[in-house]
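# Residue-level structural notes
Listed below are the residues making up each chain.
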Amino acid sequence: MTLWADYVHLLIALVAIVDIPGNLPMFLQRTGHLNAAGRVTTAITASVATLLILLVFAFAGPAILASFGITVEAFKILGGLVILIMALEMLGLRGDPARDHGGSQNSPVAIGIFPMAVPLFAGPGAISAVMVFVHLDPFAGAETHPNNVDHQMIVAGVVLTVSVLILLGLLAASALSRFLTPLVQDVLNRLLGIIVGALGIEFILEGLAAFYPVLAR
């Protein structure tokens, strides 16, 4: 039971880190110009992209980051800056990309990959969690090489479960958005932009705390 409890802990941690309810406002804002089918496509793309990204980083993450000389903290700071810029768009303090760019940047697939999958769902926190856990020996609790096939498959199953939950959450948000008038959605975008902006700043502070411990809580 202790072994399976560890996997349950990973599942709970990932669900908390990807913060599906907290990222729904961004999904609604970025897909406001799409029809129902477009929102569904965005939701599927976001969940599948999140699944693939987390699996790649779970098993090859350390080598990927090391090859570019990138730290998780630097990735977190960049993700925070990206989210902060999007919050400014939600608040109307920066041009709306849906109006400024009519190209593929606002297609359902493009939005599902960026910003939904990266940096929101498959962000620094989720990537760090899967990288650390896949390199732990679930029987000994010590760091080891991920050569236990059963361990790898179960971790992959946990990531798949989280991706399915993301899909269900986005589809539910898409269905609810049909009952919101354009005026209500605009007001909600402004209010939720403040929350999204605070989330971006939180990401930045967490990344900076690694270099400036005085910022750590």
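Residues numbered from 1 in each chain as written. Predicted model: local features only at pLDDT ≥ 70, side-chain atom pairs only at ≥ 80, totals over all residues. Heavy atoms only, no water.

### Remarks on the overall build of the chain
Selection criterion: Strands here mean DSSP runs of E at least two residues long; helices mean DSSP runs of H or I at least four residues long; both are numbered from the N terminus. Each residue's exposure class comes from its accessible area (1.4 Å probe, protein chains only) as a fraction of the maximum for that residue type: buried when under 20%, exposed when over 50%, partly exposed otherwise. We call two residues contacting when some pair of their heavy atoms lies within 4.5 Å. Every accessible area reported is derived by Shrake-Rupley at a probe size of 1.4 Å, with residue values counting cover from the shown protein chains alone.
Tallying secondary structure elements over the chain gives 9 helices and 0 strands in all. Listed by position from the N terminus, the elements making up the chain come as α-α-α-α-α-α-α-α-α. By residue count, 39% of the 217 residues in the chain fall in the buried class. Within the chain, contacts between residues separated by at least 24 positions form 81% of all contacts whose residues are at least 6 apart in sequence. Accessible surface, the chain as shown: approximately 11400 Å² in total, 72% of it carbon and sulfur.

### Some words on helix H7 (residues 124–134)
For H7, the tally of buried residues reaches 8 of 11 residues, placing the bulk of the element in the interior. Here H7 has its buried residues at Pro124, Ala126, Ile127, Ser128, Val130, Met131, Phe133 and Val134.

### Let's talk about the confidence of the model for the chain
Using the following cut-off: Each residue gets a pLDDT score, which is the predictor's confidence in that residue and runs from 0 to 100.
Per-residue pLDDT for the chain averages 80, and the proportion of residues at 70 or more is 85%. For the chain, the element scoring lowest by mean pLDDT is helix H5 (residues 97–100), at 47; helix H6 (residues 108–121) scores highest, at 92. In this model residues 97–101 is a low-confidence stretch, pLDDT under 50, and it forms 7 contacts with partners more than four residues away in sequence or in other chains. When the criterion is pLDDT under 50, residues 137–146 qualifies, and its contacts beyond four places in sequence or with other chains add up to 17 contacts.

### With respect to the nonpolar core
We apply this condition: By convention a nonpolar core is built from buried Ala, Val, Leu, Ile, Met, Phe, Trp, Tyr and Cys residues, the set being connected through side-chain atoms within 4.5 Å.
Within the largest apolar cluster, 44 residues are counted, with the highest numbers of intra-cluster contacts made by Leu14, Met26, Leu54, Met116, Phe121 and Leu170. Mapped by element, the contributors of at least two residues to this core are helix H1 (2–18), helix H2 (20–30), helix H3 (36–68), helix H4 (72–90), H6, H7, helix H8 (149–177) and helix H9 (182–209). Here this core takes 9 residues from H3, the largest share from any one element. Met26 has contacts with Met86, Met90, Pro115, Met116, Leu120 and Val196, leaving out every residue within four places of it along the chain.

### Looking at unusual backbone geometry
With an omega dihedral of 15 degrees, the bond running from Phe114 to Pro115 counts as a cis peptide bond. For Pro115, the position within the fold is in helix H6. Note that the residue after Val118, namely Pro119, is joined by a cis bond; omega there is 10 degrees. When you line up the elements, Pro119 lands in helix H6.

### So, the packing of H3 against H6
Axes are the key here: two packed helices are described by the angle between their axes and the distance separating the axes. Put simply, the test is: Axis lines are fitted to C-alpha atoms, over the contacting stretch for helices. Their N-to-C directions set the angle, which ranges from 0 to 180 degrees. Note on angle classes: values under 35 degrees are labelled roughly parallel, values over 145 roughly antiparallel, values of 65 to 115 roughly perpendicular, and the remainder oblique. If you view the pair so one helix is near and one far, a crossing is left-handed when the near helix is turned anticlockwise from the far one by less than a right angle, and right-handed when it is turned clockwise.
Packing of H3 against H6 leaves a shortest axis separation of 8 Å and a crossing angle of 45 degrees. One element, H3, and the other, H6, form an angle in the oblique class. Of the two possible hands of crossing, H3 and H6 adopt the one that is right-handed. Mapping the contact onto sequence places Gly38, Thr41, Thr42, Thr45, Ala46, Ala49, Thr50 and Ile53 in H3 and Pro108, Val109, Ile111, Gly112, Ile113, Met116, Ala117, Val118 and Phe121 in H6.

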